[in-house]
Amino acid sequence: MAFGKRKWEKDEKAGGRIPGGTVAVWGSGDCGKTVTSIKMAERLTGMGRNVLLIFADAETPVFPYGCPPSDLMGEGSLGRVLAAPHVDEQLVKENCVFYKKNKYLSMLGWRKGENRFTHPAFNDARVAELLKAAEGVAPFVIVDCTSGIATDVLTANALLLADSVIRMTGCDLKSVSYLSSQLPLLSDAKWNMAGHVKVAGNVMPNEAQGNADGILGKAAFRIPHSLEVEKQFLEGELFSELCYKESRSFRNEIARLSEEVFGA
Ligand SMILES: Nc1ncnc2c1ncn2[C@@H]1O[C@H](COP(=O)(O)OP(=O)(O)OP(=O)(O)O)[C@@H](O)[C@H]1O
Ligand SMILES: [Mg+2]
């Protein structure tokens, strides 16, 4: 499987911003963080970019519902990486899981059946090492965070250390409640809340823009509901490419978001 930088990425250095970096996708429960992370990865790998996608969720591991088990290669686990005495690039590579239909995509996540107690607990230092090592594994790193800033060490550290943070929310009162509860935890300047890229997820066609803005504050991006994504989710095929014409508006907004946070 392909790891690391590609030649043309070096060439781009000459002309301004180098595309890439580490992006944390964080926000309220069920607002579309995992969908958005996977589909940003799909866009980038579709352009031949190497992506490392890290799924933080240890309560509901993503692999068992992302695709059929026969489409995955590799037996590694994010839990195993974080439980190690020291995390380096080699350990991350050894624990990557691959989707057989996409040679540019490497993934780290919790395995089917695992939970927080399957491996020894980890701390801030291990996550910092993981995110540093991830930079060497792929030029584009996406961390699909959980909603638990206070309970998930990986999510909290990704918010602190990533180059960009996508703050996603649904357009409902539950999301408002989530933000009013959790944003005060990020009030210290070190969290750089003002730098968050605000995204409304899974926006239904009948949700008036004014309502959403009233609830969320002006969201810079609005990812529309996509029937094809809904179908992929139900069929356990989220890692598959989107191909319906109707998914164009969804894909376009994912592209705009990816350009904003990754420059690609
Ligand atoms: N743009 C979209 N179009 C259609 N369905 C969507 C979209 N975004 C999210 N969904 C659906 O919403 C549900 C939650 O999505 P997802 O798992 O990505 O949310 P999440 O924020 O990662 O949730 P959690 O907080 O549990 O990690 C799924 O059923 C998913 O298919
Ligand atoms: Mg999720």
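Going by the structure above, here's the rest.
Values in this document were obtained by computation on a predicted structure and should not be read as measured data.

Draft legend 1. Broad picture of the sheet that holds strand E5 (residues 105–108). Strand order in the open sheet formed by nine strands is E3-E4-E5-E2-E6-E1-E7-E8-E9, with mixed pairing between adjacent strands. Two strands bound the open sheet, and with one partner strand each, they are strand E3 (72–73) and strand E9 (221–224). Summarising the sheet, strand E1 (residues 21–27) and strand E7 (residues 164–169) pair through five bridges and their orientation is parallel. The residue bridging tryptophan 26 from the neighbouring strand is arginine 167, located in E7. Lying over the sheet, helix H2 (residues 33–46) contacts E1, strand E2 (51–55), E5, strand E6 (140–144), E7, strand E8 (197–203) and E9, oriented at roughly 165° with respect to E6.

Draft legend 2. View of the packing of H2 against helix H11 (residues 248–262). In the contact formed by H2 and H11, the axes pass within 10 Å of each other and the chain directions differ by 80°. Here H2 lies roughly perpendicular to H11, going by the angle between them. Residues Thr36, Lys39, Met40, Arg43 and Leu44 of H2 form the contact with H11, whose participating residues are Ile254, Ala255, Leu257, Ser258 and Phe262. Looking at the contact of H2 with H11 residue by residue, the classes come out as six nonpolar, two polar and two charged.

Draft legend 3. Spotlight on the site of ligand 1. Contacts to ligand 1 come from 19 residues, most closely from Gly32, Lys33, Thr34, Val35 and Phe233. Going through the elements one at a time, H2, E8 and helix H10 (227–235) are the ones with two or more residues in the shell around ligand 1. The class makeup of the residues in the shell around ligand 1 is six nonpolar, nine polar and four charged.

Draft legend 4. Highlighting the packing of helix H6 (residues 124–137) against helix H7 (residues 153–161). Contact geometry for H6 and H7: axes closest at 9 Å, N-to-C directions at 55°. Taken together, H6 and H7 sit at an angle that is classed as oblique. As for the relative orientation of H6 and H7, their crossing is right-handed in sense. In this structure, H6 uses Asp124, Val127, Ala128 and Leu131 to contact H7, whose residues at the interface are Val153, Leu154, Asn157, Ala158 and Leu161.

Draft legend 5. Here's a closer look at H7. Those residues of H7 that sit buried are Leu154, Thr155, Ala156, Asn157, Ala158 and Leu159. In this fold, the buried residues of H7 make contact with E1, H6, E6 and E7.

About the thresholds
Residues numbered from 1 in each chain as written. Chains lettered and ligands numbered in written order. Predicted model: local features only at pLDDT ≥ 70, side-chain atom pairs only at ≥ 80, totals over all residues. Pairing = 2+ DSSP bridges. Helix = DSSP H or I, 4+ residues; strand = E, 2+ residues; numbered from the N terminus. Contact = placed C-beta atoms within 7 Å. Axes fitted to C-alpha atoms, helices over the stretch in contact; angles between N-to-C directions. Parallel < 35°, antiparallel > 145°, perpendicular 65-115°, else oblique. Nonpolar A, V, L, I, M, F, W, Y, C, P; charged D, E, K, R; others polar. Near = placed C-beta within 6 Å. Left-handed = near helix turned anticlockwise from the far one by under 90°. Buried ≥ 20, exposed ≤ 12 C-beta atoms within 10 Å, placed from the backbone.

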